[in-house]
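Take a look at the letters that make up each chain.
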Amino acid sequence: GESVGLHLPTLSVQEGDNSIINCAYSNSASDYFIWYKQESGKGPQFIIDIRSNMDKRQGQRVTVLLNKTVKHLSLQIAATQPGDSAVYFCADLNNNDMRFGAGTRLTVKP
Amino acid sequence: ETGVTQTPRHLVMGMTNKKSLKCEQHLGHNAMYWYKQSAKKPLELMFVYNFKEQTENNSVPSRFSPECPNSSHLFLHLHTLQPEDSALYLCASSQDWTGDYGYTFGSGTRLTVV
């Protein structure tokens, strides 16, 4: 069946660098996308969302890019900080069905 | 705190035990969900409740029994579990069953079946 997936399971970046986490989705009918952050011992936390009528949305230090042509979603974190270390996963919504990817573990090196 | 509270945070139970997980939200949300999170796997949807009515049972074994007495509370009753049921069980809520505007998750219950 169709599912949301991630390109890389782990990502290591230097503190202060920018991070890019990618996500591929397969359902072309999906119209709403969310990035979640999950820290150790906690539940997933909403970071930023984007609807299919947009291709870019910015938050505080985070930007989500949506490329519907290739069904690709990315999360960019500017000036990555130690507190950004977590598992990040994307989710897509189609017809009231929310699907989650497996996650990418981001490690920030001091 | 996210507004979704789960208890207990950790639970160790034997295969013959009966236990319950509790979830509570006071966000005014009308839909609540149980998810299972295993290592290196995507979140697995177990149950969906909309206005305290179960709208989805995602082929979950009968040893997991949900209960939703009202829109603010959700339980997951466990009995005769297997070791492979050990996982993080997450409760989530959303404004309504469409999932629009995303889900708010609790911190989860880390379940270990011995």
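Counting starts from 1 at the beginning of each chain's written sequence and moves along it residue by residue. Whichever chain is written first is A, and whichever ligand is written first is 1; the rest continue in order. Where totals are concerned, whole chains, interfaces and linings use all residues; where local detail is concerned, this predicted model gives features only for residues with pLDDT of at least 70, and gives and counts side-chain atom pairs only at 80 or more. With hydrogens and water excluded, all non-hydrogen atoms of the structure serve as input to the side-chain values.

*Asks:* What am I meant to see in the overall build of chain A here?
*Replies:* Summing up its helical and strand segments, chain A has zero helices and 11 strands in all. Here the C-alpha coordinates of chain A stretch approximately 40 × 25 × 20 Å along the principal axes. Accessible area is worked out with a 1.4 Å probe on protein chains only. A residue is then buried under 20% of its type maximum, exposed over 50%, and partly exposed in between. Taking all 110 residues of chain A together, the buried fraction comes to 43%. In chain A, 52% of the contacts between residues at least 6 apart in sequence involve partners at least 24 apart. Strands here are runs of E lasting at least two residues and helices are runs of H or I lasting at least four, both read from the DSSP assignment and numbered beginning at the N terminus. Should any heavy atoms of two residues lie within 4.5 Å, those residues are considered in contact.

*Asks:* Would you take a moment to explain the side chain of Gln38 of chain A for this structure?
*Replies:* By the secondary structure assignment, Gln38 of chain A is in strand E4 (residues 32–38). Looking at Gln38 of chain A, its side chain comes within polar contact range of the main-chain oxygen of Lys42 of chain A, at 3.0 Å. Looking at Gln38 of chain A, its side chain comes within polar contact range of the side chain of Gln37 of chain B, at 2.8 Å. When sequence neighbours within four positions are dropped, the list of residues in contact with Gln38 of chain A reads Gly43, Pro44, Ala86, Val87 and Phe89 of chain A together with Gln37, Leu88 and Leu90 of chain B. The definition of a polar contact used here is a pair of N or O atoms within 3.5 Å, where within protein one atom must be able to donate a hydrogen and the other to accept one, and adjacent residues in sequence count solely through side-chain atom pairs.

*Asks:* Just to check I follow, could you spell out the sheet that holds strand E8 (residues 73–79) of chain B for this structure?
*Replies:* The strands making up a sheet are joined through hydrogen bonds of the backbone, oriented either antiparallel or parallel. All names here are of chain B. Reading across the sheet, the four strands line up as E1-E3-E8-E7 and stay open at both edges, with antiparallel pairing between neighbours. The outermost strands of the open sheet, each flanked by one partner alone, are strand E1 (4–7) and strand E7 (64–70). Neighbour-to-neighbour, the strand axes of the sheet open up by a mean angle of 20°, direction not taken into account. Two strands are said to pair when DSSP picks up at least two bridges between them. Here an axis means a line fitted to C-alpha atoms, over the contact stretch when the element is a helix, while the angle between two N-to-C directions is reported on a 0 to 180 degree scale.

*Asks:* Before we go on, may I ask you to explain the pattern of salt bridges in this structure?
*Replies:* Should their charged atoms come close, side chains of opposite charge can pair. All names here are of chain A. Here, a salt bridge means any Lys or Arg side-chain nitrogen found within 4 Å of an Asp or Glu carboxyl oxygen. In total, this model carries six salt bridges over all chains according to the counting rule given. With a closest N to O distance of 3.8 Å, Lys42 and Glu39 form a salt bridge. Taking the relative accessible area as the measure of exposure, Glu39 reaches 24% and is therefore partly exposed.

*Asks:* Honestly, the state of the cysteines in this entry has me stumped. Any pointers?
*Replies:* Among covalent bonds in proteins, the disulfide is the one between the sulfur atoms of two cysteines. Sulfur atoms of two cysteines make up a disulfide when they are within 2.5 Å. A complete count under the given rule lists two disulfides over all chains for this structure. Cys23 of chain A shares a disulfide with Cys90 of chain A; S-S distance 1.8 Å. Measuring handedness by torsion sign, the sulfur bridge of Cys23 of chain A and Cys90 of chain A sits at about 45° and is right-handed. Of this pair, Cys23 of chain A sits in strand E3 (residues 19–25) while Cys90 of chain A sits in strand E9 (residues 86–94); the two residues are 67 residues apart in sequence, bridging distant segments of the chain. With relative accessibility at 1%, the residue Cys23 of chain A sits in the buried group. Note that Cys23 of chain B is cross-linked by a disulfide to Cys91 of chain B, the S-S spacing being 1.9 Å. Because the sign of the S-S torsion sets the handedness, a value of about -75° for the bond joining Cys23 of chain B and Cys91 of chain B places this disulfide among the left-handed ones.

*Asks:* What is the right way to look at the environment of Gln58 of chain A in this model?
*Replies:* Residues and elements named next belong to chain A. Within the element layout of this structure, Gln58 appears in strand E6 (residues 56–58). Gln58 sits in the exposed class, given a relative accessible area of 59%. Taking C-alpha positions, Gln58 is 8.1 Å from Ile48, a pair spaced 10 residues apart along the chain.

Keep in mind these numbers describe shape, not what the thing actually does.
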